[in-house]
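Single-letter residue listing:
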Amino acid sequence: MGELRKKIGMSFLHKLNFILIIALSLGLAVVVQYRLLEKTVKTDVDTYVQYFAYFLFIFAFIIFIIFYIKVRAVLPMNVYQNGIVLKRRRETIMYQDIPTFYFIPYSDRRIKYLIVEKGNGGRVIFNTNHTGDDFVDYFQKDYMAINTDKFLEKIRNGSDMMFGVLSKKQTLVLKVFKTKNMVRKLEFEDKFYISKDTFQYKDVKYNWNIIDIDYDIQTGNIEIKDRDNNIIMSTYFPYVEKGEFAFNIMDHLIEESVKNEDKVEIEYIENNNEHIAITDNEVDDSKDMDENIFIEDKEGNH
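An account of the accompanying structure is given in this report. Chains are numbered independently. Their residues run from 1 in the order of the written sequence. Given that the model is predicted, a residue must reach a pLDDT of at least 70 before its local features are reported, and side-chain atom pairs must reach 80 or more before they are shown or counted; all residues, however, enter totals for whole chains, interfaces and linings. Working from all heavy atoms in the structure, the side-chain values ignore hydrogens and water.

## As for the nonpolar core
Right, on to step 1. Counting residues in each nonpolar core, the largest one holds 47 residues, and the members touching the most others are Phe126, Phe192, Ile194 and Phe199.
Right, on to step 2. Each helix is a run of DSSP H or I of at least 4 residues and each strand a run of E of at least 2, with the numbering of both proceeding from the N terminus. Here this core takes eight residues from helix H4 (residues 133-156), the largest share from any one element. Throughout this description, the term nonpolar core refers to a set of buried Ala, Val, Leu, Ile, Met, Phe, Trp, Tyr and Cys residues connected via side-chain atoms within 4.5 Å. Burial classes follow relative accessibility: with a 1.4 Å probe on protein chains only, a residue under 20% of its type's maximum area counts as buried, one over 50% as exposed, and anything between as partly exposed.

So, in structure tokens, the structure goes:
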């Protein structure tokens, strides 16, 4: 599984705090109630003490409900370099086996949910309120490290890759409504395609050597532009299927395209220089021939 990145779940001390609060509240309530039952004659003060006992019972019940919800909501797991171990489910998700993943945003920069699709088609929802934002950073970084070369090899061998993009309508809806059923069954309304030679968006294909990607770290905005600075696509990391991974693949393909373009230019220059050198030699040879003919003619005249 590689290096351990993070442990997620309620710590023992956190659980112990809840249990102690519940136990102390119930214990005190029982003692107060027992003392009241022992009394044969009750005063006005006893009435307030009775209310206090009721309050302790209710308080302990509320704390128990909060504790139960937290235990159920926080999925205990270990995050490793090569995958995630879900302890309660006794399940391991390896990064190399994940077909896709996507985000449900809080805002243009912040992520609410990370949804991971497993090999069997099932989807696991991770809430960043429980996992922490650094979980998403670990996940993307390690997923890219494991899968980038594999995906690039597929693209170089002729495969096309499709990535979904949340439309403006979807982002507005998801910022207000985030039911688990809606999140789990999300279908992207926008898409773009990546191939060995082109980037395709809205049925238009662009060669890699004429586009560039601009990242704004402050806002999270991503703009894909052509060489004339026209915007082809503008979006944000949390709105794109596989987030940073998609743009990491694009960066590699743009870099390869630039290198190939430079290589062709260098080969052209070398071939052109070689042609010039050959031409110069031919000129030198022709000069020698002219000189020989001139000498021969001189000798003939004598």
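## Regarding the packing of helix H1 (residues 12-38) against helix H2 (residues 44-73)
Right, on to step 1. For the pair H1 and H2, interaxial distance at closest approach is 9 Å and the crossing angle is 155°. Viewed along their axes, H1 and H2 adopt a mutual orientation that is roughly antiparallel. Once H1 is placed against H2, the crossing between them reads as left-handed.
Right, on to step 2. Class assignment for the residues of the contact of H1 with H2 results in 21 nonpolar, four polar and three charged. Axis definition: a line fitted to C-alpha atoms, limited for helices to the stretch in contact. Angles are taken between N-to-C directions and run from 0 to 180 degrees. An angle below 35 degrees is read as roughly parallel, one above 145 as roughly antiparallel, one from 65 to 115 as roughly perpendicular, and any other as oblique. A clockwise turn of the near helix away from the far one marks a right-handed crossing, whereas an anticlockwise turn of less than a right angle marks a left-handed crossing. Basically, the charged four are Asp, Glu, Lys and Arg, the nonpolar ten are Ala, Val, Leu, Ile, Met, Phe, Trp, Tyr, Cys and Pro, and anything else, Gly included, counts as polar.

## A short note on the sheet that holds strand S5 (residues 100-105)
Right, on to step 1. In short, DSSP must find at least two bridges between two strands for them to pair. If you walk across this open sheet you meet the three strands as S5-S6-S7, and the pairing is antiparallel. Strand pairing shows two members of the sheet lacking a second neighbour, S5 and strand S7 (123-127), which therefore form its edges. Neighbour-to-neighbour, the strand axes of the sheet open up by a mean angle of 20°, direction not taken into account.
Right, on to step 2. As paired strands, strand S6 (residues 111-117) and S7 are joined by five bridges and run antiparallel to one another. Of the residues in S7, the one forming a bridge with valine 116 is valine 124.
Right, on to step 3. Contact criterion: two residues are considered in contact whenever any of their non-hydrogen atoms come within 4.5 Å of each other. Relative to the sheet, H4 contacts S5, S6 and S7, its axis offset from that of S5 by approximately 150°.

## Digging into the sheet that holds strand S10 (residues 198-201)
Right, on to step 1. The four strands lie next to each other as S8-S9-S10-S11, forming an open sheet whose pairing is antiparallel. Taken across any chain shown, the strands that pair with only one partner, and hence form the sheet edges, are strand S8 (161-165) and strand S11 (204-207). Neighbouring strand axes in the sheet, compared pairwise and without regard to direction, differ in orientation by 20° on average.
Right, on to step 2. In this sheet, S10 lies alongside strand S9 (residues 190-194) in antiparallel orientation, the contact comprising three bridges. Note on S10: the bridge partner recorded for phenylalanine 192 is tyrosine 201.

## A closer look at the pattern of salt bridges
Right, on to step 1. The term salt bridge refers to a side-chain nitrogen of Lys or Arg lying within 4 Å of a carboxyl oxygen of Asp or Glu. According to the stated counting rule, one finds 11 salt bridges in the structure shown.
Right, on to step 2. A salt bridge links glutamate 153 to arginine 156, with the nearest nitrogen and oxygen atoms 3.8 Å apart. You can see glutamate 153 and its partner arginine 156 sitting in helix H4, three residues apart, about one turn around the helix.
Right, on to step 3. Close ionic contact of glutamate 255 with lysine 259 constitutes a salt bridge, the shortest N to O distance being 3.6 Å. With a gap of four residues between them, glutamate 255 and lysine 259 both fall in helix H7 (residues 244-301), about one helical turn apart.
Right, on to step 4. If you follow the salt bridges from partner to partner, you end up with Glu3, Arg5 and Asp142 in one network.

## Regarding the packing of aromatic side chains
Right, on to step 1. Between rings of Phe, Tyr and Trp, where Trp is taken as its six-membered ring, a pair exists when centres lie within 6.5 Å; planes separated by under 30 degrees are stacked, by over 60 edge-to-face, and by other angles tilted. Counting across every chain of the model gives 19 aromatic pairs.
Right, on to step 2. Each ring, one from phenylalanine 101 and one from phenylalanine 103, has its centre 5.9 Å from the other, and the planes form 70°; the classification is edge-to-face. We note that phenylalanine 101, like phenylalanine 103, is buried.
Right, on to step 3. With a centroid separation of 5.0 Å and 80° between ring planes, the pair formed by phenylalanine 151 and phenylalanine 245 is classed as edge-to-face.

## Focus: H2
Right, on to step 1. One fewer than the residue count of a helix, multiplied by 1.5 Å, yields its expected span. Along its 30 residues, H2 runs 44 Å from first to last C-alpha, staying within 8% of the 44 Å computed at 1.5 Å per residue.
Right, on to step 2. Those residues of H2 not exposed but buried are Asp46, Gln50, Ala53, Leu56, Ala60, Ile63 and Phe67.
Right, on to step 3. As for H2, its buried residues are in contact with H1.

## As for the side chain of asparagine 221
Right, on to step 1. When you line up the elements, asparagine 221 lands in strand S13 (residues 221-226).
Right, on to step 2. Classification of asparagine 221 as buried rests on a relative accessible area of 14%.
Right, on to step 3. Polar contacts involving the side chain of asparagine 221 include one to the side chain of serine 234, which spans 3.3 Å.
Right, on to step 4. Think of a polar contact as two N or O atoms within 3.5 Å of one another; within protein, one of them needs to be a possible hydrogen donor and the other a possible acceptor, and neighboring residues in sequence only count if both atoms come from side chains. At a separation of 3.0 Å, a polar atom in the side chain of asparagine 221 contacts the main-chain carbonyl oxygen of threonine 235.
Right, on to step 5. Those residues in contact with asparagine 221, other than ones at most four positions away along the chain, are Asp214, Tyr215, Asp216, Ser234, Thr235 and Tyr236.

## Quick notes on the pairing of strand S2 (residues 77-80)
Right, on to step 1. Both faces of S2 are covered, namely the face carrying Met77 and Val79 and the face carrying Asn78 and Tyr80.
Right, on to step 2. Pairing of S2 with strand S3 (residues 83-86), which is carried by three bridges, proceeds in the antiparallel orientation. Along S3, the bridge assignment pairs asparagine 78 with valine 85.
Right, on to step 3. Turn length for the S2-S3 hairpin, with the two strands adjacent in sequence and antiparallel, is two residues.

## As for the side chain of glutamine 200
Right, on to step 1. The topology assignment puts glutamine 200 in strand S10.
Right, on to step 2. Judged by its relative accessible area of 19%, glutamine 200 falls in the buried class.
Right, on to step 3. Beyond its immediate sequence surroundings of up to four residues, glutamine 200 is in contact with Phe192, Tyr193 and Lys205.

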